[in-house]
Amino acid sequence: METVGGLLRGWRHGRQLSQLDLALAAGVSPRYVSLVETGRSRPSADMVLRLAARLEVPLRHRNRLLVAAGFAPRYRERPLDEPDMSAVRDAVRRVLRAHEPYPALVMDGRWNVVMTNAPVDHFLAYADPELLVPPLNMVRLGLDPRGLASRIVNLAEVRSFLRARLSRQIARTGDPAVAALYDEFFAADGPDGQRLPPESEVATPMIFRFQEGELSLFSTITTFGTPQDITLDEISIESYYPSDAASAELLRGLADAGADATP
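All of the points below concern the structure found in this document. Given the structure is predicted, the values throughout are model-derived calculations rather than measurements. (Residues numbered from 1 in each chain as written. Predicted model: local features only at pLDDT ≥ 70, side-chain atom pairs only at ≥ 80, totals over all residues. Heavy atoms only, no water.)

Two numbers describe a pair of packed helices, the interaxial angle and the distance between the axes. In the contact formed by helix 1 (residues 4–14) and helix 5 (residues 59–68), the axes pass within 8 Å of each other and the chain directions differ by 150°. Seen from helix 1, the contacting residues are Val4, Leu7, Leu8 and Trp11; seen from helix 5, they are His61, Arg64, Leu65 and Ala68. The residue inventory of the contact of helix 1 with helix 5, partitioned by class, reads six nonpolar, one polar and one charged. (Axes fitted to C-alpha atoms, helices over the stretch in contact; angles between N-to-C directions. Helix = DSSP H or I, 4+ residues; strand = E, 2+ residues; numbered from the N terminus. Contact = heavy atoms within 4.5 Å. Nonpolar A, V, L, I, M, F, W, Y, C, P; charged D, E, K, R; others polar.)

In this section: the sheet that holds strand 3 (residues 206–210). Here we have five strands laid out as an open sheet, ordered 2-1-5-4-3, and antiparallel in their pairing. Among the strands making up the open sheet, the edge pair consists of strand 2 (113–116) and strand 3. Within the sheet, the average angular offset between the axes of one strand and its neighbour, ignoring direction, is 30°. Inspection of the sheet shows strand 3 paired to strand 4 (residues 213–222) by five bridges, in the antiparallel sense. (Pairing = 2+ DSSP bridges.)

Moving on, we get to the packing of helix 2 (residues 19–26) against helix 4 (residues 45–54). Following both chains from N to C, one finds helix 2 and helix 4 inclined at 115°, their axes separated by 9 Å at the closest point. In terms of orientation, helix 2 and helix 4 fall into the roughly perpendicular class. You can see that helix 2 and helix 4 cross each other, and the crossing is right-handed. When helix 2 is examined against helix 4, the residues Leu22, Ala25 and Ala26 are found in contact with a partner set consisting of Arg50, Leu51 and Arg54. Classifying every residue of the contact of helix 2 with helix 4 by side-chain character gives four nonpolar, no polar and two charged. (Parallel < 35°, antiparallel > 145°, perpendicular 65-115°, else oblique. Left-handed = near helix turned anticlockwise from the far one by under 90°.)

What follows deals with the environment of Met85. Relative to the assigned elements, Met85 resides in the loop between helix 5 and helix 6 (86–99). What makes Met85 buried here is its relative accessible area of 3%. Along the sequence, Met85 and Leu148 sit 63 residues apart, while their C-alpha atoms lie 32 Å from each other. (Buried < 20%, exposed > 50% of the residue type's maximum accessible area, 1.4 Å probe, protein only.)

Under the counting rule described, the total for this entry stands at seven aromatic pairs. Consider the rings of Phe123 and Phe208, whose centres lie 5.2 Å apart with planes at 70°: the pair is edge-to-face. You can see Phe123 sitting in helix 7 (residues 120–124) and its partner Phe208 sitting in strand 3, a full 85 residues away along the chain. With a relative accessible area of 8%, Phe123 lands in the buried category. Residue Phe208 is classed as buried on the basis of its relative accessible area of 4%. A centroid spacing of 5.8 Å and a plane angle of 5° characterise the contact between Phe208 and Phe210, whose relative ring orientation is stacked. (Phe/Tyr/Trp six-rings, centres within 6.5 Å; stacked < 30°, edge-to-face > 60°.)

For the rest of this paragraph, the subject is the nonpolar core. Trp111, Met138, Leu166, Phe208 and Leu215 are the most contacted members of the largest nonpolar core, which has 33 residues in total. Elements with a minimum of two residues in this core: strand 1 (104–107), helix 7, helix 8 (138–143), helix 9 (155–173), helix 10 (176–186), strand 3, strand 4 and helix 12 (245–261). Here the element with the most residues in this core is helix 10; it accounts for five residues. With residues near it in sequence (within four places) discarded, Met138 still touches Leu105, Met107, Trp111, Val113 and Tyr240. In this structure, Trp11, Val36, Val48 and Leu59 belong to the second largest nonpolar core, which totals 24 residues. (Core = buried A, V, L, I, M, F, W, Y, C linked by side-chain atoms within 4.5 Å.)

Listed below in structure tokens is the structure:
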């Protein structure tokens, strides 16, 4: 049976903090942190959340901490298609549409696609239909030969970049589903794998080769500030931009062609 103290200790070790570090950040004594971790002191719900916030524990796992401490979960998880989420859903749609003719999509915390804008359809057209069965996973779409891997010119760089992102995400969230996704594509690489210099992770482009020409894109990630819902805490908007003028022109051309084909 898991305890709140054991869970907090695991998160503290994962963040590479001492009991003194956590105590100073939370405004409590190191002795109190020790008592909580060893089960000799039962923290209040507010204290559990204070410690979790200082440890940057995701909302899903804050609920787990609360339950382990004997309290009710604090955070709800509502799908984006629920009526209560209509304002958020509409805002996300506006962001996606405003980004056209460049591709953009919304992913959950496990790299599953939740929403897309129209330009993404051009990329999906090259994928095996089996990969497009919901939930559509962006890591599988990008690295599976039946997806886009065969069309990515700099696949080794993209693999290295995704490997680093997944590694950081596992360390940050402890999500077993993300760990399984990592193992699916990178376990055979060994503990070191192929790494890029840290500075190249800032804007590693993805270069695609399509029949219309080569397309070079870099991405930015947008997340919700101060979310109080697990869904909002975990989703992100990934927006892709052309790396050069030729790629920008190609994306505009694809958008115009799509508009002309619309009845």
